Amino acid sequence: MPMPLKNDRFLRALRREPVDTTPVWVMRQAGRYLPEYRATRAKAGSFMALAQNPELACEVTLQPLDRYELDAAILFSDILTIPDAMGLGLSFAHGEGPQFARPVRTRAEVERLGVPDMESELRYVMDAVRVIRRELAGRVPLIGFSGSPWTLACYMVEGEGSRDFATVKAMCWSDPAMAHMLLETLARSVAAYLSAQAAAGAQALMIFDTWGGLLGPAAFREFSLRYLSQVVDVLKSDIHARDLPLILFSKGANGHLAEMAATGCAALGVDWTIDLSDARKAVDGKVALQGNLDPAVLRASPEVIRREVRRVLDSYGNHPGHVFNLGHGVTPEVDPEHVKVLVDEVHAYSRILRAA
Ligand code: CP3
């Protein structure tokens, strides 16, 4: 029998139920800004060796929880595990972004792609989920995650990170049928991946659509939103995932919040380019919101961090359904003490806000 949760604020907020204080976690909370993370990664040898070792992946997942009063843990892994399992050959050059040895460019290469087997090719991810759940012992809930079909396609076609992902966008215009074939395979893979994480013990699920905002409105609907929606539909009738809250995060897509909320997800991640009060109006209270402090604020002084945390909390107001987070991941040069300032201020100030 799994242990009952000692802290369920995060899950309650996602259900828009009342909580004593606003739950908080931080995207990329296990990462290079922590010296203990860098030490474990050095022990593993590389980022991929770390992600593929369930005990070490568990160790780094728990590191930020030992430092800060976080209300959720997130599986330590990466969104690019799916394309790696499809045979694209993922590596991370030291200090640089991801790279695929075999990017997908031709119709034949798209046709050859299959949905990876979750309990063999991606077993290391499911094993990490199982180990982390055991070691968490009910401290806080565990978030499983995937990249969105569109964002995975961006990396698979480009072969590496990019500012504008012009190669995949060119494919959308020059051969839309091929782009859709790729996105269909990815949507089935993402749904199967999240279902398998739910079966292994994840208690909430999040989809990162980091590059949704690169698309204009019509293209966003056709190449990103359509497939997010497909994944939500599959998970809603999936025996393992149907009772888990699902968070969709499309960065730079604040013009689409209402449409995204209409997919049936539980919550939306929000970047820092919109006030949460406006985001709440856009979704009409139908979903919870997660966000949205600008990660660059963590480079400022503790006084400024506290002030900006309060600004975000005030903007959401005294309503149910807020999970505090950054609007994107914490960056490597951030002082770990500043993350503590953020987490503690969220809890302290949101208690005051509730009492007011
Ligand atoms: O949030 C967490 O603590 C969980 C772990 C997590 C990682 N990547 C670990 C990681 C999560 C949720 C991700 C998601 C991810 N990965 C996204 C979506 C979220 C976002 O940031 O937009 C994307 C686009 C990727 C792809 C990726 N992985 C890139 C572009 C890079 C290199 C850039 C960078 O930050 O170094 C990675 C590598 C990566 N994934 C690192 C970590 C901690 C750093 C690698 C290292 O330790 O050397």
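So, here's what we can say about the structure. (Residues numbered from 1 in each chain as written. Predicted model: local features only at pLDDT ≥ 70, side-chain atom pairs only at ≥ 80, totals over all residues. Heavy atoms only, no water.)

With respect to the site of the ligand
Part 1 of the argument: Every one of the 23 residues lining the ligand counts as a neighbour, but Arg28, Arg32, Tyr37, Arg41 and His328 are closest to it.
Part 2 of the argument: Here an oxygen atom of the ligand and a backbone polar atom of Arg28 are 2.7 Å apart.
Part 3 of the argument: Take Gln29: an N or O atom from its main chain is 3.2 Å from an oxygen atom of the ligand.
Part 4 of the argument: Against a free-state accessible area of 870 Å², the protein chains account for coverage of 89% of the ligand.
Part 5 of the argument: Here the ligand occupies the largest pocket.
Part 6 of the argument: Residues belonging to the shell around the ligand are distributed by class as follows: 14 nonpolar, 5 polar and 4 charged. (Near = heavy atom within 4 Å. Polar contact = N/O pair within 3.5 Å; in protein donor to acceptor, adjacent residues only side chain to side chain. Areas by Shrake-Rupley, 256 points an atom, 1.4 Å probe, with all protein chains shown as cover. 1 Å grid on protein atoms, 1.4 Å probe; cavity = no way out; pocket = protein on both sides within 12 Å on 5 of 7 lines; lining within 4 Å. Sits in = over half its atoms within 2 Å of the grid points. Nonpolar A, V, L, I, M, F, W, Y, C, P; charged D, E, K, R; others polar.)

Regarding the packing of helix α8 (residues 149-158) against helix α9 (residues 166-174)
Part 1 of the argument: Remark: α8 packs on α9, axes separated minimally by 7 Å, with the N-to-C direction vectors making an angle of 105 degrees. Taken together, the axes of α8 and α9 lie roughly perpendicular to each other. The segment α8 lies against α9, with Trp150, Ala153, Cys154, Val157 and Glu158 engaging Ala166, Thr167, Val168, Lys169, Met171 and Cys172. (Axes fitted to C-alpha atoms, helices over the stretch in contact; angles between N-to-C directions. Helix = DSSP H or I, 4+ residues; strand = E, 2+ residues; numbered from the N terminus. Parallel < 35°, antiparallel > 145°, perpendicular 65-115°, else oblique. Contact = heavy atoms within 4.5 Å.)

Concerning helix α14 (residues 302-316)
Part 1 of the argument: Taking 1.5 Å of rise per residue, the 15 residues of α14 would be expected to cover 21 Å, and the 21 Å separating its terminal C-alpha atoms lies within 8% of that figure.
Part 2 of the argument: Within the span of α14, buried status applies to Ile305, Glu308, Val309, Val312, Leu313, Ser315 and Tyr316. Buried residues of α14, viewed axially, fall in a sector of 160 degrees; they line one side.
Part 3 of the argument: As for α14, its buried residues are in contact with α13 (276-283), β8 (288-293), β9 (322-326) and α15 (336-355).
Part 4 of the argument: Count one or two residues on from α14 and you reach Gly317, which has phi positive near 85 degrees. (Expected span 1.5 Å × (residues − 1). Buried < 20%, exposed > 50% of the residue type's maximum accessible area, 1.4 Å probe, protein only. Arc of directions from axis to C-beta.)

A few points about the nonpolar core
Part 1 of the argument: Counting residues in each nonpolar core, the largest one holds 134 residues, and the members touching the most others are Phe10, Leu268 and Leu342.
Part 2 of the argument: It is helix α10 (residues 176-200) that contributes the most residues to this core, 13 residues altogether.
Part 3 of the argument: Residues in contact with Leu268, not counting those within four places in the same chain, are Ile247, Leu248, Leu257, Met260, Ala261, Val283, Val287, Ala288, Leu289 and Gln290. (Core = buried A, V, L, I, M, F, W, Y, C linked by side-chain atoms within 4.5 Å.)

As for the layout of surface pockets
Part 1 of the argument: The volume enclosed by the largest pocket comes to roughly 1200 Å³.
Part 2 of the argument: Elements represented by at least two residues in the lining of the largest pocket include exactly α2 (35-44) and α8.
Part 3 of the argument: In terms of residues, the lining of the largest pocket owes the most to one element, α2, which gives 3 residues. (Points joined across faces, edges and corners; volume = space filled by probe spheres on them.)

Details of the side chain of Ser195
Part 1 of the argument: Take Ser195: it is sitting in helix α10.
Part 2 of the argument: Once residues lying within four places of it in the same chain are set aside, the contact partners of Ser195 are Leu235, Asp238, His240 and Ala241.

A few points about α10
Part 1 of the argument: End to end, α10 covers 36 Å across 25 residues, agreeing with the expected 36 Å (1.5 Å per residue, within 8%).
Part 2 of the argument: Summarising burial for α10: 18 of the 25 residues are buried, a large majority.
Part 3 of the argument: Within two residues after α10, Gly201 carries a phi angle of roughly 130 degrees, on the positive side.

Description of empty space enclosed by the protein
Part 1 of the argument: Here the structure, examined in full by the defined rule, presents 1 cavity of 30 Å³ or more.
Part 2 of the argument: Here the largest cavity is characterised by a volume of approximately 60 Å³.
Part 3 of the argument: Put simply, the parts of the chain that give the lining of the largest cavity at least two residues each are α14 and α15.
Part 4 of the argument: Of all the elements, α15 adds the most residues to the lining of the largest cavity, at 3 residues.
Part 5 of the argument: Broken down by class, the residue content of the lining of the largest cavity amounts to 3 nonpolar, 6 polar and 1 charged.

Describing the pattern of salt bridges
Part 1 of the argument: Across all of its chains, the model carries 22 salt bridges by this definition.
Part 2 of the argument: A salt bridge links Lys281 to Asp278, with the nearest nitrogen and oxygen atoms 3.5 Å apart. A residue pair is termed a helical-turn pair when its members lie 3 or 4 positions apart in one helix, as Lys281 and Asp278 do in helix α13 at 3 residues.
Part 3 of the argument: Take Lys281: its relative accessible area is 62%, and that puts it in the exposed class.
Part 4 of the argument: Residue class for Asp278 comes out partly exposed when judged on its relative accessible area of 37%.
Part 5 of the argument: One salt bridge connects Glu345 with Arg310, and the closest N-O pair in it is separated by 3.0 Å. Remark: Arg310 occurs in helix α14 and Glu345 occurs in helix α15; sequence separation between them is 35 residues. (Salt bridge = Lys/Arg side-chain N within 4 Å of Asp/Glu carboxyl O.)

A closer look at the state of the cysteines
Part 1 of the argument: Per the counting criterion, the structure on display carries 0 disulfides.
Part 2 of the argument: No disulfide involves Cys154; its sulfur sits 8.0 Å from that of Cys172, the nearest cysteine.
Part 3 of the argument: Given the relative accessible area of 0%, Cys154 is considered buried. (Disulfide = S-S within 2.5 Å.)

Considering the packing of α14 against α15
Part 1 of the argument: Contact geometry for α14 and α15: axes closest at 9 Å, N-to-C directions at 40 degrees. The orientation of α14 with respect to α15, classified from their angle, is oblique. Handedness of the α14/α15 crossing: right-handed. Two secondary-structure elements touch here, α14 through Pro302, Ile305, Arg306, Val309, Arg310, Leu313 and Asp314 and α15 through His338, Val341, Leu342, Glu345, Val346, Tyr349, Ser350 and Leu353.
Part 2 of the argument: When grouped by side-chain class, the residues that make up the contact of α14 with α15 number 9 nonpolar, 2 polar and 4 charged. (Left-handed = near helix turned anticlockwise from the far one by under 90°.)

What is shown is where atoms sit, not what they do.
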